[in-house]
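# Commentary on secondary and tertiary structure
Each chain is listed here by its residues.
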Amino acid sequence: CMNYMLPGSYAWGNFSVLAVGIWAIVQRDSLDAIVMFLTGLLLTVLTDIIHFSVFYPAHDRLSDTSRFSMGMAILSLLLKPLSCALVYRMYRERGGE
């Protein structure tokens, strides 16, 4: 993410969802915050797939740092369904239907 291989929209999207997630965790009584966080996570899964498919460089242009950066971004994408499941569990605990 921070190796400038992906556009700024990738970082802005993920960091803004992270900020909404912090807000959702801090405000334990807010159902809207957790819904916004879950929606943001689901949306970033879609946008991450699009970013990777459009901006992934050719194999001969990858340095070790770039390969590590893209690997961590892909690992983040792979862990997002688990995060969505945990956030949905928090939603159900707060009284969501």
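Here is what the cut-offs are and how they apply
Residues numbered from 1 in each chain as written. Predicted model: local features only at pLDDT ≥ 70, side-chain atom pairs only at ≥ 80, totals over all residues. Heavy atoms only, no water. Core = buried A, V, L, I, M, F, W, Y, C linked by side-chain atoms within 4.5 Å. Buried < 20%, exposed > 50% of the residue type's maximum accessible area, 1.4 Å probe, protein only. Helix = DSSP H or I, 4+ residues; strand = E, 2+ residues; numbered from the N terminus. Expected span 1.5 Å × (residues − 1). Bend = angle between axes of the 7 residues up to and from the residue. Contact = heavy atoms within 4.5 Å.

### Section: the nonpolar core
Counting ten residues, the largest nonpolar core is built from V17, A24, A33, I34, F37, L38, L41, C84, V87 and Y91. At the level of elements, α1 (8–26), α2 (31–55) and α3 (64–93) are the ones that each hand at least two residues to this core. Counting residues in hydrophobic clusters, the runner-up holds eight residues, among them L6, F52, L62 and M70.

### Focus: α3
The end-to-end C-alpha separation of α3 is 43 Å, in line with the 44 Å expected for 30 residues at 1.5 Å each. Taking the largest bend as the criterion, α3 deviates by roughly 35 degrees, centred on K80, and proline P81 comes between one and four positions later. Inspection of α3 places S66, S69, M70, A73, L77, K80, C84, V87 and Y91 among the buried residues, and these make up the whole buried set. Among the structural elements, α1 and α2 are those in contact with the buried residues of α3. The first or second residue beyond α3 is G95, which carries a positive phi of 105 degrees.

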